[in-house]
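Residue-level listing of the chains:
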Amino acid sequence: MLKEFKEFIARGNVLDLAVGVIIGSAFTAIVKALVDYIINPFLGLFLGSIDFSAFVIKVGSASFKVGSFLNAVINFLIIAFVVFLIVKAVNATMPKKEEEPAEEKVDPQVELLSEIRDLLKK
């Protein structure tokens, strides 16, 4: 069982996934800092301090913190847009891969008729 586990861990896909998760968490910290300390204060200059966390709906003894949910959605949209801009900028600077010419799809009937023609020529 230990040998199987070692083989599983040594697979390229598992290592690639581990690297992706580690880089992703580091990148998340960078994007979160960018949004929290640069983007949100900049938006605050124009929109004022936007904080919906005080918006709570109470039904009986239950409290629904709708404002906190709205804050999370707004932050998600800002982060998603910032990541989009970063990916777009990185893609613009990366050299483009040369695309291989796509093979032409031949209609099966045309292919069959071509084979018959070639046989008749012989």
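Look up: the structure comes first, before these words.
### A closer look at helix 3 (residues 66–93)
Spanning 28 residues, helix 3 covers 41 Å between terminal C-alpha atoms, matching the ideal 40 Å at 1.5 Å per step. For helix 3, the full list of buried residues reads Gly67, Asn71, Ile78 and Val82.

### Concerning the pattern of salt bridges
Within the structure shown, the criterion is met by two salt bridges. Residue Asp36 pairs with Lys32 through a salt bridge whose shortest N-O separation is 2.7 Å. Taken as a pair, Asp36 and Lys32 lie in helix 2 (residues 12–47) at a separation of four residues, close to a single helical turn. For Lys32, a relative accessible area of 45% translates into the label partly exposed. Residue Asp118 pairs with Arg117 through a salt bridge whose shortest N-O separation is 3.2 Å. Assessed through its relative accessible area of 44%, Arg117 is described here as partly exposed.

### Section: a nonpolar patch on the surface
A cluster of nonpolar side chains, contributed by Phe52, Phe55, Ile57, Val59, Phe64, Phe69, Leu70, Val73, Ile74, Phe76 and Leu77, occupies part of the molecular surface with about 1000 Å² of accessible area. Elements with a minimum of two residues in the nonpolar patch: strand 1 (57–59) and helix 3. A total of six residues in the nonpolar patch trace back to one element, the largest contributor, which is helix 3. For Phe64, a relative accessible area of 46% corresponds to the partly exposed category.

Rules and cut-offs
Residues numbered from 1 in each chain as written. Predicted model: local features only at pLDDT ≥ 70, side-chain atom pairs only at ≥ 80, totals over all residues. Heavy atoms only, no water. Helix = DSSP H or I, 4+ residues; strand = E, 2+ residues; numbered from the N terminus. Expected span 1.5 Å × (residues − 1). Buried < 20%, exposed > 50% of the residue type's maximum accessible area, 1.4 Å probe, protein only. Salt bridge = Lys/Arg side-chain N within 4 Å of Asp/Glu carboxyl O. Patch = residues over 30% accessible without salt bridge, like charges linked within 9 Å, V, L, I, M, F, W, Y side chains within 5 Å. Areas by Shrake-Rupley, 256 points an atom, 1.4 Å probe, with all protein chains shown as cover.

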